[in-house]
Amino acid sequence: MDEVPIYGRHGKAVYRLCGNVFYDFLGKPRGFLVGKTIYDLKRQHRGFYVRMVVRDRMGKVVGYAEDARVEGLQLPFVDIPPVPYRNLPAPELPTDLADLECPALPPLWSVMRLENLLV
């Protein structure tokens, strides 16, 4: 399974996307990716993952994968991610979660920190 580190505004790795599950670096599952829509484990819509960029519910940037590009926005260089702990089993992906449409906004950083997206 491919694992994609997700970095916050300052280039620090916060989450890992493994298939359709977001994990922290302690191996704890934190959320799901349904299409391009991000849900937390409580099944609440938290944001979007579009073209390797994490956006909040309003469409503002909160994180990114390495090599992501956002026209008009400078993304910082990434730090080397920590070594992840072994992943705990993820809960079943709920079948009633919908893929929502991400708002089209100019490229702006969100006031939300990536660390707070899936708590």
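Residues numbered from 1 in each chain as written. Predicted model: local features only at pLDDT ≥ 70, side-chain atom pairs only at ≥ 80, totals over all residues. Heavy atoms only, no water.

> I'm lost on the side chain of Asp24 in this one. Help?
Here Asp24 shows up in strand E3 (residues 21-24). Looking at Asp24, its side chain comes within polar contact range of the main-chain nitrogen of Gly27, at 3.1 Å. Within the structure, the side chain of Asp24 is placed 3.0 Å from the side chain of Arg30, a separation counted as a polar contact. Residues contacting Asp24, with those up to four places away along its chain left out, are Val14, Tyr15, Arg16 and Arg30. (Helix = DSSP H or I, 4+ residues; strand = E, 2+ residues; numbered from the N terminus. Polar contact = N/O pair within 3.5 Å; in protein donor to acceptor, adjacent residues only side chain to side chain. Contact = heavy atoms within 4.5 Å.)

> Explain the pattern of salt bridges here, please?
Oppositely charged side chains are able to pair whenever their charged atoms sit close together. With the rule as written, the count across this model stands at 5 salt bridges. The salt bridge involving Glu3 is made with Arg16; its shortest N-O contact spans 3.0 Å. Within this pair, whereas Glu3 is found in strand E1 (residues 3-7), its partner Arg16 is found in strand E2 (residues 13-18), the two being separated by 13 residues in sequence. Across the pair Arg113 and Glu115 runs a salt bridge, and its minimum N-O distance is 3.5 Å. (Salt bridge = Lys/Arg side-chain N within 4 Å of Asp/Glu carboxyl O.)

> Can you help me understand the side chain of Arg55 in this one?
Counting through the fold element by element, Arg55 comes out in strand E7 (residues 53-56). Within the local environment of Arg55, its side chain forms a polar contact with the backbone oxygen of Gly59, the two atoms lying 2.7 Å apart. With sequence-adjacent residues up to four places away left out, Arg55 is seen in contact with Arg46, Gly47, Phe48, Lys60, Val61, Val62, Val70 and Cys102.

> Explain the layout of surface pockets here, please?
It is a probe the size of a water molecule, rolled over the atoms, that shows where empty space is left. Space inside the largest pocket adds up to approximately 280 Å³. If you trace the largest pocket, you find 14 residues lining it, with Val50, Arg51, Arg55, Cys102 and Pro103 closest to the centre. Along the lines of polarity and charge, the residues of the lining of the largest pocket split into 8 nonpolar, no polar and 6 charged. In this structure, the second largest pocket spans a volume of roughly 220 Å³. Along the walls of the second largest pocket sit 13 residues, with Asp67, Ala68, Arg69, Leu75 and Pro76 positioned nearest its centre. When the residues that make up the lining of the second largest pocket are grouped by side-chain class, the tally is 9 nonpolar, 1 polar and 3 charged. (1 Å grid on protein atoms, 1.4 Å probe; cavity = no way out; pocket = protein on both sides within 12 Å on 5 of 7 lines; lining within 4 Å. Points joined across faces, edges and corners; volume = space filled by probe spheres on them. Nonpolar A, V, L, I, M, F, W, Y, C, P; charged D, E, K, R; others polar.)

> Is there a simple way to think about the nonpolar core in this case?
Note on soluble globular proteins: their nonpolar side chains tend to be buried together. By size, the foremost hydrophobic cluster in this structure holds 14 residues, and its most contacted members are Ile6, Tyr15, Phe22, Ile38, Tyr49, Val54 and Leu114. Contributing elements (two or more residues each) for this core: E2 and strand E8 (61-65). For this core, the leading source of residues is E2, giving 3 residues. Look past the residues within four positions of Ile6 in its chain and what remains in contact with it is Lys12, Ala13, Val14, Tyr15, Leu17, Phe22, Tyr49, Val54, Tyr64, Ala65 and Leu114. Listed in part, the 11 residues of the second largest apolar core include Tyr7, Phe25, Val61 and Val70. (Core = buried A, V, L, I, M, F, W, Y, C linked by side-chain atoms within 4.5 Å. Buried < 20%, exposed > 50% of the residue type's maximum accessible area, 1.4 Å probe, protein only.)

> Before we go on, may I ask you to explain the pairing of E7 in this structure?
For a regular strand, side chains alternate in direction, first toward one face of the sheet and then toward the other. Residues Val53 and Arg55 line one face of E7 and the alternating positions Val54 and Asp56 line the opposite face, and both faces are buried. Examined bridge by bridge, strand E6 (residues 45-50) and E7 share 4 bridges and lie antiparallel to one another. Bridge assignment links Phe48 to a residue of E7, and that residue is Arg55. Where E6 folds back on E7, the antiparallel hairpin that results is connected by 2 residues, among which Arg51 adopts a positive phi of roughly 50°. (Pairing = 2+ DSSP bridges.)

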